[in-house]
Every structure is written in structure tokens, then in C-alpha cells.
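For reference, the chains in residue letters:
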Amino acid sequence: MKVKTILVSQPEPKIENSPYFDLQEKQKVKIDFRPFIHVEGVPAKDIRHQKVDLNNYTAIILTSRNAVDHFFRVAEEMRFKVPDSMKYFCQSEAVAYYLQKYVVYRKRKIYVGKRTFAELSPLIKKYKDEKFLLPNTDKVKPLVPETLNALGVDWKQATFFKTVVSDLSDLANVYYDVLVFFSPSGIESLFKNFPDFQQNDTRIAVFGNTTIKAVKEKGLRVDIAAPTPETPSMTMALEKYIEKANKGK
């Protein structure tokens, strides 16, 4: 079956040269964007209930831009002036760069990993006498606490923000040829919004092994999977599939 419409379960890209826009133009398909999940901040009073006093920490571990935003939001809500001596351990360069939104970079102690949390761990180990706070989501990958426990550092994890299912009720009678998912949370949102969802002729495109697993656990069919050696990105996987499906269009 030919592909004419695609729904991507993420916000619309803000950059003009997004490969999704190129795909739309090149393959003459309609691509809509709609986040199936969104992030909500946890109020400061709820964080206090988690027995978190920001005065007790000398270092912050930041694994995402959301973690950066919500750490500084909570600090403001708690009227906590973040000291210049605070150390920041950022999982990637992208997170460290984003930190500049809140601090003067050259005047702060910022330590940057390459990409994964495991790659950040040697830097944390080097400063094992610090008291670390991990402001995070309610859905933390087990690798993070396991790594910190193995390092034997003094650390605490606290939920500063939560992943929440978005209301998709306006899509109840809207049909798309392809639905694109990037996380198990997106699949969870699909079934929270539409408990009786039947795949039928809808093609499902999935990024990452954990998302593939979530799709299959719901008894759905994975039609397009990324990353693969041939198609390392979702847009490449979609393009390859569309070219095959729309032959003789």
C-alpha cells in the first residue's frame, strides 16, 4: 500500500533544514508532528517531600536539557541561590552547551562526557568526594543508578520532572498511513488515548530496540525499523520504505 500521510509522535522540528521537510518535499507525502508525551515539572513542595535540600549538594549531574531547565526552576522556586562553586557534570556537549542559558560558562566548574552516561562516569569518579544530586525524570534508565552505585559516590536521585501522556482525543477519527514512534512512552500514550487501537493497514515505524519491544508487546507489527547499518536515521528508513511502497505512483 502506498504512503501518503505520516504522523511523527514528536514536536515539529524548529530548524528549516530538517530532513523531515526534505522527505516531505522529495517524496510528496504529508508529514504531521504531534508529541504523544510531554514533560511537566514537579512542584518544589513535592521535591521537599523527597527529602531534598539543595544546600546539601556540591555537584549536579545533568543528563538532559530537561534536567537543566527543571533544576534551575526548582532552585528559583526554593529561593536557593546556586553557588558559584557548584560543579556540573553534563552527560554530553549538547547538555553542557545548553547550561549556558543559566550560568556564565567560563566562570563555572563544568565537566562534560562524550555522549553516554557510562562515558561520564570516569569524571564523576575523579571527584568522588563531592555530594552529587541527580535531578531527573520519573523514568530513569537503570544503568544510571547502577553506574553511580558501582562508583561508590555519595549521591541522591530526585524526580524534578515527569513524562506525561498527551491528550490526543482530537485524532480519534484521523487516519495516517504511517505512525512514527521513538520511545516506549509513545506507545503507552497511543493505548492510553485509544485503548481499542487496531493496526490494520497502518504502518508503524519505530526507532530503537526498547521501542520495538514495546510495540511487539502490544501485539502490533513493526513495518519500519531504525537505526540499521543501511538506515541509521528514521528519515532514511522512512524514505527507503516509501520509495518501495510508492513505486509506480
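Calculation criteria
Residues numbered from 1 in each chain as written. Predicted model: local features only at pLDDT ≥ 70, side-chain atom pairs only at ≥ 80, totals over all residues. Heavy atoms only, no water. Helix = DSSP H or I, 4+ residues; strand = E, 2+ residues; numbered from the N terminus. Buried < 20%, exposed > 50% of the residue type's maximum accessible area, 1.4 Å probe, protein only. Lys, Arg positive; Asp, Glu negative; His and termini not counted. Salt bridge = Lys/Arg side-chain N within 4 Å of Asp/Glu carboxyl O. Polar contact = N/O pair within 3.5 Å; in protein donor to acceptor, adjacent residues only side chain to side chain. Contact = heavy atoms within 4.5 Å.

Student: Provide a residue-level description of the side chain of R203, including the pertinent values.
Tutor: Among the structural elements, R203 can be located in strand β10 (residues 203-207). The buried charged residue R203 lacks any salt bridge, with D177 as its nearest oppositely charged partner at 4.3 Å. Within the structure, R203 has its side chain in polar contact with the backbone oxygen of K2 (distance 3.3 Å). Here D201 takes part through its backbone oxygen, which lies 2.9 Å from a polar atom of the side chain of R203. Excluding residues that lie within four positions of it along the chain, R203 makes contacts with M1, K2, V3, D177, V178, L179, D223 and Y241.

Student: Any chance you could break down the pattern of salt bridges for me, citing the residues and the numbers?
Tutor: Scanning the entire structure with this criterion turns up 13 salt bridges. Between D32 and K30 there is a salt bridge; the shortest N-O distance is 2.8 Å. Its relative accessible area of 45% is what places K30 among the partly exposed residues. Across the pair R221 and D223 runs a salt bridge whose closest N-O atoms are separated by 2.7 Å. One network of salt bridges, in which partners are shared, links K139, E188 and K192.

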